[in-house]
Amino acid sequence: MNTQLKKRNLIQFYLIQSILRQNSLRQLRTKPTHHHNDKYRTRSTEEDNQQDDLFLYKSKGQHLLTNQRILDSIVRKSSVNPTDTVLEIGPGTGNLTLKLLDVASKVVAVEIDKRMVEVLNKRVKDHGFEDKLSVIREDALKAEFPKFDLVVANIPYGISSPLVVKLVYGANPFRSATLLLQKEFARRLLAKPGDSEFNRLAVNVKLVADVEFVMDVSKRDFFPVPKVDSSVVIIRPKDHIPDVNLDEWRAFTKNCFGKKNKTLGATFKQKKKVIELFRLSKMTSSNGEEINRNQYVCADDDGDNEEESDGEECHSSSCADRELLLFKEKIIEVLKAGSFEDKRPSKLCNEELLCLLSMLNQSGIYFHEQTKPRNVDNVAFAAAYS
Ligand SMILES: C[S@@+](CC[C@H](N)C(=O)[O-])C[C@H]1O[C@@H](n2cnc3c(N)ncnc32)[C@H](O)[C@@H]1O
C-alpha cells in the first residue's frame, strides 16, 4: 500500500469513528490490517468482551460507503415513498439501511455475511427501527425475493451482472433499482450501439428496462478504499416490452454477441453454428423430434477462405447433407434481405436486432428450443452471467 493510500485510510478511519459515535453505534474502530490482503479489521472497544473482531473481506465486496453526503444523495434520488418496501442487497453494517428505514415503510435486506447481519440488527435496534427491517441471510443470487417496490443498494461488485439480470428479468414487478456499481460496469450498462463498451448485457437489459446515469462516486468515499471508482445508476423497468419470446431473444443475442465485432454474415456461416441452429429449428418444426447432430457434420471442407471467418465453414461443394446446405443458404438469404450480412451486432440497436430475429423466426430459423416452456429459465439465465 503506498503512503498516500495509508494516509487516506487513516483519515477515513478517524472519520468513520466519529460517524459511528454520532450514530450511537457501538464504538467500532476500523483500521486496515497488513496481515492479509483480503482483510480489513474492525474492532469493538466498548464491547470487546461480547464481540469478536470483524474483518472486511474484499472477496465479498465489503467496501462500506462512508460518505454521508453520497448516502443521502442516493436515498434522495431513489424517490422512496413512505409506503414503499425497499429491497437492499448487501446492507453490510447498515450505513444505507438506516437512511432507507428513515423514509420507507419497510426494508428487506439480503446479506450473505452473518457477522454483518449481527452488526446491522444491533444498529437498527439502537435506532428503534427493528419493526421495519427484515433480513434474509442468504446469497442474493439464490434468495427468493419477496414483493418489493424498489431496490436501493450498494451491491457487491462481483455479482453485478447476474444480479442486474435477476432483477430486470425476475418475476417481481418493481418501480426502479438505484444501484451503486463499479464505474466501468455502469458504463457498460449505459453504452449505446457503436460505443466500444456496447455488449450483450446492455442489449438484454435495454430490452426490458431504461438505465439512467446518476453520479460518479470516488473510491475515497469507501472504507476500505477499493481499487476502482463507482457510479450510481437507476434502472427502470419499461411499461411495455416488445412482444418477443424472451428465451428466444436471449439465445439470439448470445449467438450474435459471441464475437460482437464480427459481421453477422461471418458469424452465421460458421459450420458449428449452422448445425446447431439447424438442429434447434428442426426440433421446433418437428415438435421435439430428436435430430442426430452427427448426421449433419460436413464430410469435407474445400478450404475456401472467407474474410472475417475464424470458424470452420460449411461449404456447398463438400457438404454431405443438402438439407443442411439449404438451411445455411436460407440464413444468408434472410441476412441479405434485411441488409444485415455485413453489419456488426455491436452497432445495431434493439429495434434492428428485433427485426432480424423476427425475420429469421419467420423463415423457420430458431435459437432456443421452442418445445421448452416460455420464460421460465430466469435463474439459469442470471447464472450464465456470473
Ligand atoms: C459493498 S458492501 C456494501 C455495504 C453497505 N451497503 C454500505 O454501503 O456500506 C457489499 C455487502 O454485500 C454483502 N455480500 C457480498 N456478496 C453477497 C451476496 N452474494 N449476497 C448478499 N450479500 C452479499 C457483503 O457481505 C457486504 O456486506
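Source: prediction; values computed, not measured.

> Could you give an account of the overall build of the chain, naming the residues involved and the relevant values?
Along the backbone of the chain there are 13 helices and 12 strands. When contacts within the chain are restricted to residue pairs at least 6 apart in sequence, those whose partners lie at least 24 apart make up 65%.

> Can you break down helix 8 (residues 246-256) residue by residue, with the values?
Given 3.6 residues per helical turn, the α-helix brings residues three or four places apart onto the same face. For helix 8, the tally of buried residues reaches 9 of 11 residues, placing the bulk of the element in the interior. Burial in helix 8 covers these residues: Leu 246, Asp 247, Glu 248, Trp 249, Arg 250, Ala 251, Phe 252, Thr 253 and Cys 256.

> Provide a residue-level description of the environment of Glu 88, including the pertinent values.
Position of Glu 88 relative to the elements: it lies in strand 5 (residues 85-89). On the neighbour-count criterion, Glu 88 (27 C-beta atoms within 10 Å) is buried. Spatially, the C-alpha atom of Glu 88 lies 30 Å from that of Asn 350, the residues being 262 residues apart in sequence. If near-sequence neighbours (up to four positions away) are discounted, Glu 88 is found in contact with Leu 96, Thr 97, Leu 100, Val 107, Ala 109, Val 152 and Ala 153.

> Give me the lowdown on the packing of helix 2 (residues 68-77) against helix 3 (residues 95-103), citing residues and values where you can.
Packing of helix 2 against helix 3 brings their axes to within 10 Å, and their N-to-C directions diverge by 40 degrees. It follows from the interaxial angle that helix 2 and helix 3 lie oblique. Regarding helix 2 and helix 3, the two cross each other, and that crossing is right-handed. Mapping the contact onto sequence places Leu 71, Asp 72, Ile 74 and Val 75 in helix 2 and Asn 95, Leu 96, Lys 99, Leu 100 and Val 103 in helix 3.

> Summarise unusual backbone geometry; cite the residues concerned and give the values.
Cis geometry marks the peptide bond from Phe 223 to Pro 224; its omega dihedral reads -10 degrees. Structurally, Pro 224 is set in the loop between strand 11 (222-223) and strand 12 (230-237). Of note in this structure, Ser 79 is not a glycine but carries a positive phi near 45 degrees. Mapping Ser 79 onto the fold places it in the loop between helix 2 and strand 5. On the neighbour-count criterion, Ser 79 (14 C-beta atoms within 10 Å) is partly exposed. Unusually for a residue other than glycine, Ser 339 sits at a positive phi of about 55 degrees.

> Can you explain the environment of Val 232? Please cite residues and give values.
With respect to the element layout, Val 232 can be found in strand 12. Discounting chain neighbours no more than four positions away, the residues touching Val 232 are Ile 74, Thr 178, Leu 180, Val 214, Met 215 and Val 217.

> An account of the nonpolar core is requested, with residue identities and associated values reported.
Ranked by internal contacts, the top residues of the largest apolar core, which has 84 residues, are Val 86, Leu 100, Val 151 and Val 152. Looking at which domains feed residues into this core, each of domain 1 (58-237) and domain 2 (244-289 + 321-385) gives three or more.

> Which residues make up the confidence of the model for the chain, and what values do they have?
Looking at the chain, pLDDT values average 82 and 73% of them are 70 or higher. Contacts of residues 43-52 to residues separated by more than four positions or lying in other chains number 11 contacts, the stretch itself having pLDDT below 50. Within the model, pLDDT remains below 50 along residues 288-311, and this stretch shows 40 contacts once partners closer than five positions in the same chain are excluded. ipTM for the predicted complex: 0.99, alongside a pTM of 0.79.

> A description of helix 4 (residues 114-126) should follow, citing residues and the corresponding values.
For helix 4, spanning 13 residues, the distance from its first C-alpha to its last is 19 Å, which sits close to the expected 18 Å at 1.5 Å a residue. By the burial criterion, the buried members of helix 4 are Met 116, Val 119, Leu 120, Arg 123 and Val 124. What you see down the axis of helix 4 is that its buried residues fit within an arc of 125 degrees, all on one side. The exposed set on the far side of helix 4, more than 90 degrees from its buried face, consists of Lys 114 and Lys 125. Buried residues along helix 4 sit in contact with strand 3 (54-57), helix 3, strand 6 (106-110) and strand 7 (133-136). Once helix 4 ends, the next one or two residues include Gly 128, with phi positive near 75 degrees.

> Quick rundown of the sheet that holds strand 10 (residues 209-217)? Include the residues and the values.
Read from one edge to the other, the open sheet built from 7 strands follows the order 7-6-5-8-9-12-10, with strand pairing classed as mixed. Lying at the two open borders of the sheet, with one neighbouring strand each, are strand 7 and strand 10. When strand polarity is set aside, the average angle formed by the axes of neighbouring strands in this sheet is 20 degrees. Bridge analysis of strand 6 against strand 7 gives 4 bridges, and the strand direction is parallel.

> Lay out the UniProt feature "domain: Ribosomal RNA adenine methylase transferase N-terminal" (unreviewed entry) in the chain in plain terms, naming residues and giving numbers.
As recorded in UniProt, the feature "domain: Ribosomal RNA adenine methylase transferase N-terminal" (unreviewed entry) lies at residues 70-239. Overall, residues 70-239 shows 33% helix and 26% strand. The separation of its end C-alpha atoms is 29 Å.

> Explain the UniProt feature "binding site: S-adenosyl-L-methionine" (unreviewed entry) in the chain to me, using residue names and the numbers behind them.
Following the UniProt record, one finds the feature "binding site: S-adenosyl-L-methionine" (unreviewed entry) at His 63, Leu 65, Gly 90, Glu 111, Asp 139 and Asn 154. When you line up the elements, His 63 lands in the loop between strand 3 and strand 4 (64-65). Looking at where Asp 139 falls in the secondary structure, it is placed in the loop between strand 7 and strand 8 (150-154).

Rules behind the numbers
Residues numbered from 1 in each chain as written. Predicted model: local features only at pLDDT ≥ 70, side-chain atom pairs only at ≥ 80, totals over all residues. Helix = DSSP H or I, 4+ residues; strand = E, 2+ residues; numbered from the N terminus. Contact = placed C-beta atoms within 7 Å. Buried ≥ 20, exposed ≤ 12 C-beta atoms within 10 Å, placed from the backbone. Axes fitted to C-alpha atoms, helices over the stretch in contact; angles between N-to-C directions. Parallel < 35°, antiparallel > 145°, perpendicular 65-115°, else oblique. Left-handed = near helix turned anticlockwise from the far one by under 90°. Core = buried A, V, L, I, M, F, W, Y, C linked by C-beta atoms within 7 Å. Domains from an automatic or database assignment. pLDDT = per-residue confidence, 0-100. Expected span 1.5 Å × (residues − 1). Arc of directions from axis to C-beta. Pairing = 2+ DSSP bridges. UniProt positions renumbered as here; feature names shortened; annotations may be inferred.

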